[in-house]
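Summary of structural features
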Amino acid sequence: MAKRITTPLDDETIAGLKAGDQVLLTGVVYTARDAAHKRLIALINEGKELPIDLQGQVIYYVGPAPAKPGDPIGSAGPTTSMRMDPYAPTLMEHGMKGMIGKGMRSKEVRDAIARHRAVYFAAVGGAAALIAKRIKSAEVVAYEDLGPEAIRRLYVDDLPLFVIDDMYGSDLYEQGVAKYRKD
Amino acid sequence: MGCTKPRVIQAADIADSMEKLCISTCCNLPDENLKRIEAFAATEESEVGRQVLDMILENHRLAAREQRPACQDTGLAVVFLELGQDVRIEGGDLVAAINEGVRRGYEKGYLRKSVVDDPLFERKNTRDNTPAIIHTSIVAGDKLKITLAAKGGGAENMSAVAMMIPAAGVEGVRKFVVEQVRKAGSNPCPPVVVGVGIGGNFEVAPLLAKKALVRPMGSKNPNPAYAALEDELLEAINKLGIGPQGLGGSTTALAVHVEYAPCHIASMPVAVNLNCHVSPHQSITL
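Now for a look at the structure at hand. (Residues numbered from 1 in each chain as written. Chains lettered and ligands numbered in written order. Predicted model: local features only at pLDDT ≥ 70, side-chain atom pairs only at ≥ 80, totals over all residues.)

**As for the overall build of chain A**
Assigned secondary structure in chain A consists of six helices and seven strands. Traced from its N-terminal end to its C-terminal end, chain A shows the element sequence β-α-β-α-β-α-β-α-β-α-β-β-α. In chain A, which comprises 183 residues, the proportion classed as buried is 50%. By sequence separation, contacts in chain A at least 24 residues apart represent 63% of the contacts at least 6 residues apart. (Helix = DSSP H or I, 4+ residues; strand = E, 2+ residues; numbered from the N terminus. Buried ≥ 20, exposed ≤ 12 C-beta atoms within 10 Å, placed from the backbone. Contact = placed C-beta atoms within 7 Å.)

**Side note on the packing of helix 6 (residues 169-184) of chain B against helix 8 (residues 224-237) of chain B**
All names here are of chain B. Put simply, helix 6 and helix 8 touch, their axes get as near as 10 Å, and they point 40° apart. The orientation of helix 6 with respect to helix 8, classified from their angle, is oblique. Crossing handedness for the pair helix 6 and helix 8: right-handed. Where helix 6 approaches helix 8, its residues Val-170, Arg-174, Val-177, Val-178 and Val-181 are matched on the opposing element by Leu-229, Glu-232, Leu-233, Ala-236 and Ile-237. Along the lines of polarity and charge, the residues of the contact of helix 6 with helix 8 split into eight nonpolar, no polar and two charged. (Axes fitted to C-alpha atoms, helices over the stretch in contact; angles between N-to-C directions. Parallel < 35°, antiparallel > 145°, perpendicular 65-115°, else oblique. Left-handed = near helix turned anticlockwise from the far one by under 90°. Nonpolar A, V, L, I, M, F, W, Y, C, P; charged D, E, K, R; others polar.)

**Points about the nonpolar core**
Phe-121 of chain A together with Val-194 and Val-196 of chain B are the most contacted members of the largest nonpolar core, which has 132 residues in total. Element by element, the count of residues in this core is highest for strand 7 (residues 151-165) of chain A, at eight residues. Apart from the residues within four sequence positions on either side, Phe-121 of chain A is in contact with Val-23, Gly-98, Met-99, Ile-100, Leu-161, Phe-162, Val-163 and Ile-164 of chain A. (Core = buried A, V, L, I, M, F, W, Y, C linked by C-beta atoms within 7 Å.)

**Considerations on the sheet that holds strand 5 (residues 144-151) of chain B**
All names here are of chain B. On the basis of which strands lie adjacent, the open sheet formed by four strands has the order 4-2-5-10 and mixed pairing. If you trace the sheet from one side to the other, it starts and ends with strand 4 (133-139) and strand 10 (281-285), each paired once. Averaged over all neighbouring strand pairs, the angle between strand axes comes to 15°, with direction disregarded. Sheet analysis places strand 2 (residues 76-84) next to strand 4, joined by seven bridges and oriented parallel. Paired with Phe-80 across the two strands is His-135, which belongs to strand 4. Contacts from helix 1 (residues 11-27) reach strand 2, strand 5 and strand 10, with the element oriented near 40° to strand 5. (Pairing = 2+ DSSP bridges.)

**Some words on the environment of Ser-267 of chain B**
Residue and element names in this part refer to chain B. Topologically, Ser-267 is positioned in the loop between strand 8 (253-263) and strand 9 (268-275). Separated by 68 residues in sequence, Ser-267 and Gly-199 have C-alpha atoms that sit 7.6 Å apart. Ser-267 has contacts with Met-163 and Asn-201, leaving out every residue within four places of it along the chain.

**So, the environment of Phe-202 of chain B**
Residues and elements named next belong to chain B. Relative to the helices and strands, Phe-202 is located in the loop between strand 7 (192-200) and helix 7 (204-213). Spatially, the C-alpha atom of Phe-202 lies 8.7 Å from that of Ala-162, the residues being 40 residues apart in sequence. Leave out the neighbours within four places in its chain, and Phe-202 touches Met-163 and Pro-269.

**Some details on helix 4 (residues 107-115) of chain A**
All names here are of chain A. Turning to helix 4, its buried residues number three or more, namely Val-109, Arg-110, Ala-112 and Ile-113. The buried residues of helix 4 occupy one face: seen down the axis, they fall within an arc of 160°. Exposed residues pointing more than 90 degrees away from the buried face of helix 4 are listed as Lys-107, Glu-108 and Arg-115. Those residues of helix 4 that are buried are in contact with helix 3 (88-93), strand 5 (119-122) and strand 7. The positive-phi residue at the C-terminal boundary of helix 4 is Arg-117, with phi of around 50°. (Arc of directions from axis to C-beta.)

**What about unusual backbone geometry?**
Backbone phi values are negative for most residues with the exception of glycine, while trans is the configuration of most peptide bonds. Residues Thr-7 of chain A and Pro-8 of chain A are joined by a peptide bond in cis, for which omega reads -5°. Residue position: Pro-8 of chain A is located in the loop between strand 1 (3-6) and helix 1 (11-15). Residue Pro-131 of chain B is reached from Thr-130 of chain B by a cis peptide bond, and omega for that bond is 0°. Of note, the phi angle at Arg-117 of chain A is positive, near 50°, even though the residue is not glycine. Tracing the sequence through the fold places Arg-117 of chain A in the loop between helix 4 and strand 5. Since 15 C-beta atoms lie within 10 Å of it, Arg-117 of chain A is described here as partly exposed. Unusually for a residue other than glycine, Tyr-143 of chain A sits at a positive phi of about 60°. Counting through the fold element by element, Tyr-143 of chain A comes out in the loop between strand 6 (135-142) and strand 7.

Shape descriptors only; they carry no functional weight alone.
This is the structure we're talking about:
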């Protein structure tokens, strides 16, 4: 049975999430992938203000397809998270509490998740048309020149996710392989 | 043999066909893919795995029904052209016509533009998904066959080439392919399709692996030894436990396709090119 949670994520919600939990997430999430992360980290390194306030926020690693007329967004499934590994710990230091993507994270990211009491979720990669149905609004809030890589503010309603890495150090991918591997 | 009169194909018709092919490839996945996912869903050991496969099937049907791309990553347009030597193209050049079709297809189909002009420094999006990557073979006949693989980045990044020695043999190939899928884990959107290219040389092996991916999903190599290798690799990969989306389970790959070519007496190049479960590719013949 999936747990319903809302953004921004508070400490109590995050403490209640365990690797393997299925959740339905509702609220604002921000999109960012490779190019947007590079720019956010450059701003942090220069001591400048970010275009979004990261406190308690969730970043969804996605570059959506263009919206058809009348739709808020086009197909919008997760991209591979490991490409954001070099940047994620710094964003957690600046308040980010959740990440949505797909695929394994580095040890550095998992350590940072535990240290900052954050959480990493996976959405179903390649189920992009279905996921788009759970996105009720989308607006570009920064870096429009990046096209699909611009930062967008999404409002999602019951977005289906799996908890992969929880703040206690557990990882669903490791658990899954251990359970079903046949030697 | 006398002088064959060339068959004329207009560049504008090539561009129009390419435009339609881009949209159809990304939105309409072949029935054989859906049937194959259904078959694996029936035997998947993990309940969560079955749930994920059902969600993927629902997604792919929704995509076709509403003509939306099944995945937001509508890829780099990888185009295989089989150009009959008795074809004459008029009204423009072939490469420009393909790119024009890609430009229009990705715009009209609301497909994502995922190409940057310079890989290292500027990485500026070209905003129209061109240029396509085009591989052209000149073949007998007076037709032009266009095959499009809308190749996403996530699975492509998990691909590799090994320059093996002949002594590595079947065991060497098996270890390399299975290890590559194991290392890729949850990243390439499993269940994956595994394209394997064996032989040729340093540049041919990956091209064979890519060609393996545009075969109908689950089709067999006509050489029985290679067909048996495909079965053996699929079985070994599905023992890894990675499962749908890497959440654990018995369906890590939907198919393994092997293509091979003659090679040097000193060499045995092997390439692994991965595709996600969406695996969008289609062909059209003019």
